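The lines below spell out each chain.
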Amino acid sequence: MNPLLDTLQPYPFEKLRALFEGVEPPAGKPAISFGIGEPKHATPQLIKDALVGALDGLASYPATAGSPALRQAIAGWLQRRYSLDALDWRSQVLPAAGTREALFAIAQTVVDSRSVDRPVVVCPNPFYQIYEGAALLAGAQPYYANSVPARNFACDYAAIPPEVWARTQLVYVCSPGNPTGATVSLEDWQRLFDLSDRHRFVIASDECYSEIYFDEATPPLGALEAAQRLGRDCTRLLVFSSLSKRSNVPGMRSGFIAGDAAVLARFLLYRTYHGSALSPVVQAASIAAWGDEAHVLDNRRQYAEKFARVQPLLAEVLDVAMPDAGFYLWAKVGRTGLDDATFAQRLYASEHVTVLPGSFLAREQDGLNPGAGYVRIALVAGLDECLEGAQRIAAFCRGLR
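Residues numbered from 1 in each chain as written. Predicted model: local features only at pLDDT ≥ 70, side-chain atom pairs only at ≥ 80, totals over all residues. Heavy atoms only, no water.

### Digging into the sheet that holds strand 13 (residues 374-378)
1) Next: The sheet built from three strands is open, its strands ordered 10-13-12 with antiparallel pairing. Every other strand in the sheet has two partners, leaving strand 10 (328-332) and strand 12 (356-357) as the edge strands with one partner each. (Pairing = 2+ DSSP bridges. Helix = DSSP H or I, 4+ residues; strand = E, 2+ residues; numbered from the N terminus.)

Take a look at the structure:
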């Protein structure tokens, strides 16, 4: 067996199951889960219709590179969304079976473990655990860039030592971030691009939450957009995104990678052997999804209403501000006198409400676990359920006083 498998840590939800083992929540209160970031809004009818209408496509093997029509649809969406001057769908866009597999696979493609010094992969901290696992199984050492509350939880890349950057081969960026909702500023993109130019590492920008935000006038800045604003091309830059959150189709497993044509050519070679081609049926439904914005606007409206109603309720008992974007609230539980794991366990026991301890989503770096003392609250259910859950959390917190 691959010995690197022994370096993987339990997934946060495994830790959560262990935390709740033996705990009996009140039977009279229906379960409400804010724990898993799985969209619960209805899948748009136009996507379901396109899926059903393409069932004849099951009779053929799909190409790893995807159909020209799908790649053109993705390129067109990127150009419209980020006002990009040009994007070549032939060389700069690849479909993915959701971004999870692509984010994992890019480390296996990029990292050269033959280096004299063990290569480094920089991850945000707290983070999506796929980044860490991908780094470890590629033979690299993860380095965790701590988020900073004073910067609305944006990562502090300036604090990473020069000797770490010198060994870095890949940087994972998540903007808007999971779990904090922080977005990367143009200034921080300039810093990352300059460092990439100096040390020649690849940037993998995870932008899965880019279409969930609260002000139609100020959508989150994307990495390709930032590069264009700064007058540079997308050398060593890749963007990853998907339809899961944007269009409420996590079960379809459809996303893309876009950016540096030279890196994508090598990535396509890897993926040809990896066996990650999208079904023609999923490709047809994806084309319909990328071509429609009406359902995305409605999706944002639903999230905006939930955040406008729920965040003020929770702010009465916890330190929780509006995120830049995304569908998570990142709540500090210090006022309760409990640590994040104890808070989650006792809340579940008392109110049958599940939240995810922030320390499960982070690692200690420079003597600090930046997730400790926080919980992640995923507002993915309907408005009424989210309000009921928030009211139970507020009642629980008040009962601790």
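### Some words on helix 11 (residues 261-274)
1) Next: Between its terminal C-alpha atoms helix 11 stretches 19 Å, which fits the 20 Å expected from 14 residues at 1.5 Å a residue.
2) Next: The set of residues buried in helix 11 consists of V263, L264, F267 and R271. The buried residues of helix 11 occupy an angular sector of 90° when projected down its axis, which confines them to one face. Within helix 11, the exposed residues directed more than 90 degrees away from the buried face are A262, R266 and Y273.
3) Next: On its buried side, helix 11 packs onto helix 4 (89-92), strand 2 (93-96), helix 5 (99-110), strand 7 (202-206), strand 8 (237-242) and strand 9 (255-259).
4) Next: By the N-cap criterion, in which a side-chain oxygen at the helix start approaches the backbone nitrogen of a residue two or three places on, helix 11 is capped by D260, the distance to A262 being 2.8 Å. (Expected span 1.5 Å × (residues − 1). Buried < 20%, exposed > 50% of the residue type's maximum accessible area, 1.4 Å probe, protein only. Arc of directions from axis to C-beta. Contact = heavy atoms within 4.5 Å. Polar contact = N/O pair within 3.5 Å; in protein donor to acceptor, adjacent residues only side chain to side chain.)

### What to know about the environment of T7
1) Next: Examined against the element boundaries, T7 turns out to sit in the segment before helix 1 (12-20).
2) Next: With relative accessibility at 36%, the residue T7 sits in the partly exposed group.
3) Next: Sequence separation of T7 and L137 is 130 residues, and the distance between their C-alpha atoms is 8.2 Å.
4) Next: Reaching out from T7, the side chain makes a polar contact with the backbone oxygen of L4 at a distance of 2.6 Å.

### Some thoughts on the pattern of salt bridges
1) Next: Enumeration according to the criterion identifies 19 salt bridges in this entry.
2) Next: For R300, the salt bridge is made with E216, and the minimal N-O distance between the two is 2.8 Å. Of this pair, R300 sits in helix 13 (residues 294-315) while E216 sits in the loop between strand 7 and helix 9 (223-229), and the two are 84 residues apart along the sequence.
3) Next: Overall, E216 belongs to the partly exposed group, its relative accessible area being 46%.
4) Next: Salt-bridge contacts for E316 lead to R398; the nearest nitrogen and oxygen are separated by 2.6 Å. You can see E316 sitting in the loop between helix 13 and strand 10 and its partner R398 sitting in helix 15 (residues 383-399), a full 82 residues away along the chain.
5) Next: Classification of E316 as partly exposed rests on a relative accessible area of 45%.
6) Next: Because the salt bridges share partners, they merge into one network encompassing R81, E211, E216 and R300. (Salt bridge = Lys/Arg side-chain N within 4 Å of Asp/Glu carboxyl O.)

### So, unusual backbone geometry
1) Next: With an omega dihedral of 10°, the bond running from N125 to P126 counts as a cis peptide bond.
2) Next: Structurally, P126 can be placed in the loop between strand 3 (120-125) and helix 6 (130-137).
3) Next: Look at the link from N178 to P179: it is a cis peptide, with omega at 20°.
4) Next: You can see P179 is positioned in the loop between strand 6 (168-174) and helix 8 (186-199).
5) Next: Positive phi is not limited to glycine here, since N152 has a value of about 55°.
6) Next: Relative to the helices and strands, N152 is located in the loop between strand 4 (141-148) and strand 5 (154-155).
7) Next: Of note, the phi angle at R253 is positive, near 55°, even though the residue is not glycine.

### Describing the sheet that holds strand 7
1) Next: Spatially, 2-9-8-7-6-3-4-5 is the arrangement adopted by the eight strands of the open sheet, whose pairing is mixed. Looking at strand neighbours, the two that pair on one side only are strand 2 and strand 5, the edges of this open sheet.
2) Next: As defined by bridge partners, strand 4 adjoins strand 5 across two bridges and the pair is classed as antiparallel. Among the inter-strand pairings, V148 is bridged to a residue of strand 5, identified as A154.
3) Next: Along the sheet, helix 8 makes contact with strand 5, strand 6, strand 7 and strand 8, crossing strand 7 at roughly 150°. (Axes fitted to C-alpha atoms, helices over the stretch in contact; angles between N-to-C directions.)

### A look at the side chain of S242
1) Next: Secondary-structure assignment places S242 in strand 8.
2) Next: Among the residues examined, S242 registers a relative accessible area of 3% and is labelled buried.
3) Next: A polar contact of 3.2 Å, which involves the side chain of S242, links it to the backbone nitrogen of S244.
4) Next: In this view, S242 contacts T99, C208, S254, G255 and W290; residues no more than four positions away in its chain are not counted.

### Structural notes on the nonpolar core
1) Next: In terms of nonpolar packing, the biggest core is built from 50 residues, with F34, L318, F343, V355, I377 and I393 touching the most fellow members.
2) Next: Going through the elements one at a time, helix 1, helix 13, strand 10, helix 14 (340-351), strand 13 and helix 15 are the ones with two or more residues in this core.
3) Next: It is helix 15 that contributes the most residues to this core, seven residues altogether.
4) Next: Apart from residues no more than four positions distant in its own chain, V355 is found in contact with L16, F34, F343, A344, L347, V375, R376, I377 and I393.
5) Next: Core analysis: the second largest hydrophobic core is formed by 49 residues, L70, A73, Y157 and A223 among them. (Core = buried A, V, L, I, M, F, W, Y, C linked by side-chain atoms within 4.5 Å.)

### A closer look at the packing of aromatic side chains
1) Next: A full pass over the atoms with the stated rule returns 19 aromatic pairs.
2) Next: With centroids separated by 5.5 Å and ring planes inclined at 90°, the aromatic side chains of F153 and Y374 adopt a geometry described as edge-to-face. A residue pair is termed long-range when its members are at least 10 positions apart, and F153 in the loop between strand 4 and strand 5 and Y374 in strand 13 qualify at 221 residues.
3) Next: When its relative accessible area of 15% is taken as the criterion, F153 is described as buried.
4) Next: Taking the relative accessible area as the measure of exposure, Y374 reaches 9% and is therefore buried.
5) Next: Aromatic side chains Y209 and F327 sit 5.2 Å apart centroid to centroid with 85° between the ring planes, which places their arrangement in the edge-to-face category. You can see Y209 sitting in the loop between strand 7 and helix 9 and its partner F327 sitting in the loop between helix 13 and strand 10, a full 118 residues away along the chain. (Phe/Tyr/Trp six-rings, centres within 6.5 Å; stacked < 30°, edge-to-face > 60°.)

Just distances and angles here, no functional claims.
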